[in-house]
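# Commentary on secondary and tertiary structure
Okay, here's what each chain looks like letter by letter:
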Amino acid sequence: MPCRRRVCPWCSRRVAASTRDGIAPRLRQFSDVVQFTSSLESSHDLTQAWSDHQRAISRFSRNGWLTGRTAGWFRATETTHSADHGWHVHSHWLLFHENALELRRLVSELPQHWIQSAHAEALSASTRGQHAAMSADIAESVRYVTKGLMEPSRRTDRQTPGDILRSFQAGGAEAAELWAELEGFTTAKRRRWTASGGCLRGTTRIENR
Ligand SMILES: [Zn+2]
């Protein structure tokens, strides 16, 4: 029986594949996607960073802000770690609409709306940490956003949980501590790593562990 946990190298890959298979058939009517990354300031306390991030998401999505502006959306939350700044909890979003004009408007609205939502919750978010862009390569955007926690980081100054596990297995003492923190965090309770709405509603039900 697979454990289906986010930090399991085997299950993480399977979850990514099943999510992609679930959402791909629902995207045929779209020719573009807005890819958005949202984040807060990093923290040395993973549990705190997670709950702050969830609060910002709730404020951000409040009053149907997202649902009213899109035909469908998908969110995947991830975390990386850097020695200097600690845990960087962030979300990757995919936003769909048939009308390219609506998508272009979203690209300009999203970062500002995220920052305002964070500030309304007394949380720190800077313009540097948010990025919105339109793409015509929907398959690649879906692949990137559903990649999960265990792929290697593209940046040398940040480690994904996968990087942390590999360096723990190679005997790293600091990585052992970080891995223990991650294991405690992921087993403490079920967390909503992904969510979806509109035409993508229901695609993430099976995988939130
Ligand atoms: Zn597993």
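Look a little higher up for the structure.
Since this is a predicted model, take the numbers as computed values, not measurements.

Calculation rules
- Residues numbered from 1 in each chain as written.
- Predicted model: local features only at pLDDT ≥ 70, side-chain atom pairs only at ≥ 80, totals over all residues.
- Helix = DSSP H or I, 4+ residues; strand = E, 2+ residues; numbered from the N terminus.
- Buried ≥ 20, exposed ≤ 12 C-beta atoms within 10 Å, placed from the backbone.
- Pairing = 2+ DSSP bridges.
- Axes fitted to C-alpha atoms, helices over the stretch in contact; angles between N-to-C directions.
- Contact = placed C-beta atoms within 7 Å.
- Parallel < 35°, antiparallel > 145°, perpendicular 65-115°, else oblique.
- Left-handed = near helix turned anticlockwise from the far one by under 90°.
- Nonpolar A, V, L, I, M, F, W, Y, C, P; charged D, E, K, R; others polar.

## Observations regarding the overall build of the protein
Looking only at helices and strands, the protein has six helices and five strands in total. Mapped from its N terminus to its C terminus, the protein presents α and β elements in the order α-β-α-β-β-α-β-α-α-α-β. Summarising its shape, the C-alpha atoms of the protein cover approximately 50 × 40 × 30 Å along the three principal directions. Buried positions account for 38% of the 209 residues belonging to the protein.

## Comments concerning the pairing of strand β3 (residues 86–96)
Each regular strand displays side chains that alternate between the two surfaces of the sheet. In terms of burial, β3 is a largely internal element, 10 of the 11 residues being buried. With six bridges connecting them, strand β1 (residues 33–39) and β3 associate as antiparallel partners. Bridge pairing links serine 38 to serine 91 in β3. For strand β2 (residues 72–82) and β3, the ladder comprises 11 bridges, and the chain directions are antiparallel. In the sheet register, glutamate 78 faces β3, and the bridge partner there is histidine 90.

## Comments concerning the sheet that holds strand β5 (residues 194–198)
An order of β4-β1-β3-β2-β5 is seen for the five strands of this open sheet, with the pairing classed as antiparallel. Among the strands making up the open sheet, the edge pair consists of β4 (131–135) and β5. When the angles between neighbouring strand axes are averaged without regard to direction, this sheet yields 20°. Contacting β2 and β3, helix α2 (residues 46–61) runs over the sheet at an angle of about 30° to β3.

## Considering the packing of α2 against helix α3 (residues 100–120)
Two elements in contact, α2 and α3, have axes separated by 8 Å at closest approach and are oriented at 120°. Classed by the angle they form, the pair α2 and α3 counts as oblique. With respect to the hand of their crossing, α2 and α3 are arranged in right-handed fashion. Across from Ala56, Arg59 and Phe60 in α2, the residues of α3 making contact are His113, Trp114, Ser117, Ala118 and Ala120. Looking at the contact of α2 with α3 residue by residue, the classes come out as five nonpolar, two polar and one charged.

## Describing the packing of helix α5 (residues 161–169) against helix α6 (residues 173–188)
At a minimum axis distance of 8 Å, the contact between α5 and α6 shows a crossing angle of 130°. Considering the angle they form, α5 stands oblique to α6. Note on packing geometry: the crossing formed by α5 with α6 is left-handed. On the side of α5, the interface is formed by Pro161, Ile164, Leu165, Ser167 and Phe168, while α6 contributes Ala175, Ala176, Leu178, Trp179 and Leu182. Partitioned by chemical class, the residues of the contact of α5 with α6 number nine nonpolar, one polar and no charged.

## Comments concerning unusual backbone geometry
Look at asparagine 63: it is not a glycine, yet its phi comes out positive at around 55°. With respect to the helices, strands and loops of the structure, asparagine 63 is situated in the loop between α2 and β2. Of the residues examined, asparagine 63 has 8 C-beta atoms within 10 Å and is grouped as exposed. The phi dihedral of alanine 122 is positive, around 60°, even though this residue is not glycine. As for its placement among the helices and strands, alanine 122 is situated in the loop between α3 and β4. Looking at alanine 122, the number of C-beta atoms within 10 Å reads 8, which means it is exposed.

Keep in mind these numbers describe shape, not what the thing actually does.
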